[in-house]
Amino acid sequence: MKVDVLLGLQWGDEGKGKVVDVLTPRYDIVTRFQGGPNAGHTLEFNGEKYVLRSIPSGIFQGGKVNIIGNGVVLDPLLFMKEAIELAQSGHDLTERLFISKKAHLILPTHRVLDAANEAVKGAAKIGTTGKGIGPTYTDKVSRNGLRVGDILDNFEAKYAAAKARHLEMIESLNAIAVAKGSEPVSTDIAELEKQWLEGVEYLKKFKFIDSEHVINNYIKSGKSVLCEGAQGTLLDVDFGSYPFVTSSNTICAGACTGLGIAPNKIGDVFGIFKAYCTRVGSGPFPTELFDETGKKIRDIGHEYGAVTGRERRCGWIDLVALRYTIMLNGVTQLIMMKSDVLDTFATIKACTAYKVNGVETTEFPFSIDEGVEPVYVELPGWNTDLTKCKSEAEFPQAFKDYIAFLEKELETPIKIVSVGPDREQTIER
Ligand code: GDP
Ligand code: IMO
Ligand code: MG
């Protein structure tokens, strides 16, 4: 019995897709348990590059079974585009990608509602990916959602009722937006809806399953499961920088609710982080750099969103936040990504504590909005090209020291170090 979870410890884009692909040969099944096409998971191998949004990153190695769990929100149109692109590049998934009947559907009007909510918030907007994530999870929790299983049962009527309800909501949100001086959002969804309904038809090519039964039967028969997180712990709806978060539980517990796996079945929890830190969208970010150093990290790290193309905000590694996210997830092994991005920095900073209104603390506070000042230690850079390293033995001493420093501060071993985007540029320790 083995169920391991791999999840992000920062604000997303840590490199989850790359490492899930690397680890896939060790598992029988790979699953996604939360989030939706707000995710963009990038994989590079054999000179090819793929960006996955709703499909798990375990599809490329060894013909493994991949499952989209009940905790995921699925947009049939975006799913269709993703699956067709993969099929065209030789990866037909219809026989080995299964979808939970209990996964909730993102409707065209959810996307419009997402935009309308943002318009009403004006300057206080979340900076969402615009994929309808928040409104779909809202409908789930308010017991108004449509699920994949509904596609097989009187779907047209259910869809029409949901759409009518949404259009009324959009109208009233638009009135508020206009009163506040914001632009109303367009409710002309005819073309989008047409394509979306094609997506619903396309989805039927895939097997809809009672995923909680299927996964638990796999576990019972001795098969191993890798659960792939989306977003990151600092975007978790309960523990992230609320309200600037996503709408799902991105933490390890989300794998239990998002798949129907009992907590005592979870084995290793792989916590993945970058050697520095990034964030897309609005919200607080204590170690953010607004200077040339931040720009240099963005340029070298190609820190632009895989989904929206937006510039990612960049800053130094935040160990206060990492200790917090390691605690919340019960992380057993750490994975450090994008170490090579810091190759040319003479010195590297790490935030070891916060000064909150002048008082130093190592505990992540209720709010990191205002009055939080990072306390840094400065470490020497390694000034070496790490991208060519094939083993730990080839690491320069200053980089080994950086790893040792982080392991001590985080009280958790760093078992994998990534030194470039390619599958091969992954070093295990
Ligand atoms: P995810 O959402 O957590 O899967 O991460 P993303 O794919 O959104 O962002 C990670 C980005 O960094 C992608 O463009 C990857 O190709 C790239 N990447 C992953 N690991 C490394 C690494 O070790 N070094 C460098 N330079 N790039 C990496
Ligand atoms: P992966 O899986 C980085 C951010 C958005 C926004 C907030 C809410 O690739 O790491 P949403 O559309 O979810 O309602 O937006 O969350 N966000 C991400 N940031 N990586 C992601 O996914 C993200 N998914 C959502 O930018 O700030
Ligand atoms: Mg991403």
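See the structure above.
This section reports on the structure supplied with the text.

Calculation notes
Residues numbered from 1 in each chain as written. Chains lettered and ligands numbered in written order. Predicted model: local features only at pLDDT ≥ 70, side-chain atom pairs only at ≥ 80, totals over all residues. Heavy atoms only, no water. Helix = DSSP H or I, 4+ residues; strand = E, 2+ residues; numbered from the N terminus. Rg over C-alpha atoms; globule rule 2.2 N^0.38 Å. Buried < 20%, exposed > 50% of the residue type's maximum accessible area, 1.4 Å probe, protein only. Contact = heavy atoms within 4.5 Å. Areas by Shrake-Rupley, 256 points an atom, 1.4 Å probe, with all protein chains shown as cover. Donors = N, O, S within 2.8 Å, 3.2 Å for Na, K, Ca; no water. Salt bridge = Lys/Arg side-chain N within 4 Å of Asp/Glu carboxyl O. Core = buried A, V, L, I, M, F, W, Y, C linked by side-chain atoms within 4.5 Å. Near = heavy atom within 4 Å. Polar contact = N/O pair within 3.5 Å; in protein donor to acceptor, adjacent residues only side chain to side chain. Nonpolar A, V, L, I, M, F, W, Y, C, P; charged D, E, K, R; others polar. Pairing = 2+ DSSP bridges. Axes fitted to C-alpha atoms, helices over the stretch in contact; angles between N-to-C directions. Phe/Tyr/Trp six-rings, centres within 6.5 Å; stacked < 30°, edge-to-face > 60°. Lys NZ or Arg CZ within 6 Å of the ring centre and 35° of its normal.

**Things to note about the overall build of the chain**
Here is step 1 of the chain: A tally of regular secondary structure across the chain gives eleven helices and 20 strands.
Here is step 2 of the chain: Over its C-alpha trace the chain gives a radius of gyration of 22 Å, about what one expects of a compact globule, namely 22 Å for 429 residues.
Here is step 3 of the chain: Overall size of the chain, expressed as C-alpha extent along the three principal axes, is 65 × 55 × 40 Å.
Here is step 4 of the chain: Taken over 429 residues, the chain has a buried fraction of 57%.
Here is step 5 of the chain: Of the contacts formed within the chain by residues at least 6 apart in sequence, a portion of 77% connects residues at least 24 apart.
Here is step 6 of the chain: Carbon and sulfur atoms make up 51% of the accessible area of the chain, which amounts to about 17,600 Å² in all.

**A closer look at the coordination of the magnesium ion (ligand 3)**
Here is step 1 of the chain: For the magnesium ion (ligand 3), the protein coordination sphere consists of Asp 13 (OD) and Gly 40 (O), at 2.1 to 2.2 Å. With Asp 13 in the loop between strand 1 (2-8) and helix 1 (16-23) and Gly 40 in the loop between strand 2 (29-32) and strand 3 (41-45), the pair connects residues that are 27 residues apart, well separated along the chain.
Here is step 2 of the chain: Classification of Asp 13 by relative accessible area gives partly exposed; the value is 21%.

**Topic: the pattern of salt bridges**
Here is step 1 of the chain: Taken as a whole and judged by the stated rule, the model has 24 salt bridges.
Here is step 2 of the chain: Of the charged contacts, one joins Lys 274 and Glu 303 as a salt bridge, the two residues approaching to 3.0 Å between their closest N and O atoms. One end of the pair, Lys 274, is in strand 11 (residues 266-274); the other, Glu 303, is in the loop between helix 9 (292-300) and strand 13 (313-315), and 29 residues separate them in sequence.
Here is step 3 of the chain: Look at Lys 274 and you get buried, because its relative accessible area is 0%.
Here is step 4 of the chain: Between Arg 429 and Glu 392 there is a salt bridge, and its shortest N-O distance comes to 3.0 Å.

**Focus: the nonpolar core**
Here is step 1 of the chain: The biggest cluster of nonpolar side chains holds 56 residues, and the ones touching the most others in it are Cys 227, Phe 273, Met 336, Phe 395, Phe 399, Tyr 402 and Leu 406.
Here is step 2 of the chain: Among the elements that take part in this core, helix 11 (residues 397-410) stands out by supplying six residues, more than any other.
Here is step 3 of the chain: In this view, Met 336 contacts Phe 273, Ala 275, Phe 399, Tyr 402, Ile 403, Leu 406, Ile 414, Ile 416, Val 417 and Ser 418; residues no more than four positions away in its chain are not counted.
Here is step 4 of the chain: By size, the runner-up hydrophobic cluster in this structure holds 33 residues, among which are Phe 60, Leu 77, Leu 107 and Trp 196.

**Remarks on the site of ligand 1**
Here is step 1 of the chain: Near ligand 1 you find 19 residues, and of these Gly 15, Lys 16, Thr 42, Asp 340 and Ser 418 are the closest.
Here is step 2 of the chain: Residue Asp 13 places a side-chain N or O atom 2.9 Å away from an oxygen atom belonging to ligand 1.
Here is step 3 of the chain: One of the side-chain N or O atoms of Lys 338 is found 3.0 Å from an oxygen atom in ligand 1.
Here is step 4 of the chain: Relative to its unbound accessible area of 580 Å², ligand 1 is 93% covered by the protein chains.
Here is step 5 of the chain: When its residues are assigned to classes, the shell around ligand 1 shows four nonpolar, seven polar and eight charged.

**Describing the sheet that holds strand 11**
Here is step 1 of the chain: Read from one edge of the open sheet, ten strands run 9-7-5-2-10-1-11-15-19-20, paired in mixed fashion. The open sheet has two edge strands, strand 9 (207-209) and strand 20 (426-428), and neither has a second partner. Strand-to-strand twist of the sheet, defined as the mean angle between neighbouring strand axes without regard to direction, takes the value 25°.
Here is step 2 of the chain: Both strand 2 and strand 5 (residues 65-68) contribute to a ladder of four bridges, which runs parallel. Bridge pairing in strand 5 links Arg 32 to Ile 68.

**So, the site of ligand 2**
Here is step 1 of the chain: What surrounds ligand 2 is a group of 21 residues, the closest being Asp 13, Lys 16, His 41, Thr 129 and Thr 246.
Here is step 2 of the chain: Thr 129 has a polar side-chain atom sitting 2.6 Å from an oxygen atom of ligand 2.
Here is step 3 of the chain: Thr 246 places a polar side-chain atom, nitrogen or oxygen, 2.6 Å from an oxygen atom of ligand 2.
Here is step 4 of the chain: In the complex, 97% of the free accessible area of ligand 2, which totals 540 Å², lies under the protein chains.
Here is step 5 of the chain: By residue class, the composition of the shell around ligand 2 is eight nonpolar, ten polar and three charged.

**Examining the packing of aromatic side chains**
Here is step 1 of the chain: Applying the stated criterion to the full structure yields 15 aromatic pairs.
Here is step 2 of the chain: Centre to centre, the rings of Phe 395 and Phe 399 are 4.9 Å apart; their planes meet at 80°, and the pair counts as edge-to-face. Across this residue pair, the class does not change: Phe 395 and Phe 399 are buried.
Here is step 3 of the chain: Grouping aromatic residues by their ring pairs yields a cluster made of Trp 382, Phe 395, Phe 399 and Tyr 402.
Here is step 4 of the chain: The side chain of Lys 296 reaches across the aromatic face of Phe 345, ending 4.2 Å from its centre.
Here is step 5 of the chain: Lying over the aromatic face of Phe 45, Arg 423 brings its terminal NZ or CZ to 3.9 Å of the ring centre.

**Let's talk about unusual backbone geometry**
Here is step 1 of the chain: Look at the link from Tyr 242 to Pro 243: it is a cis peptide, with omega at 5°.
Here is step 2 of the chain: Within the secondary structure, Pro 243 sits in the loop between strand 10 (224-228) and helix 8 (253-257).
Here is step 3 of the chain: One non-glycine residue, Asn 46, lies in the positive phi region at around 50°.
Here is step 4 of the chain: Counting through the fold element by element, Asn 46 comes out in the loop between strand 3 and strand 4 (48-52).
Here is step 5 of the chain: If you check the backbone angles, Asn 154 has positive phi at about 50° while not being a glycine.
Here is step 6 of the chain: Asn 154 gets classed as exposed once you look at its relative accessible area, which sits at 55%.

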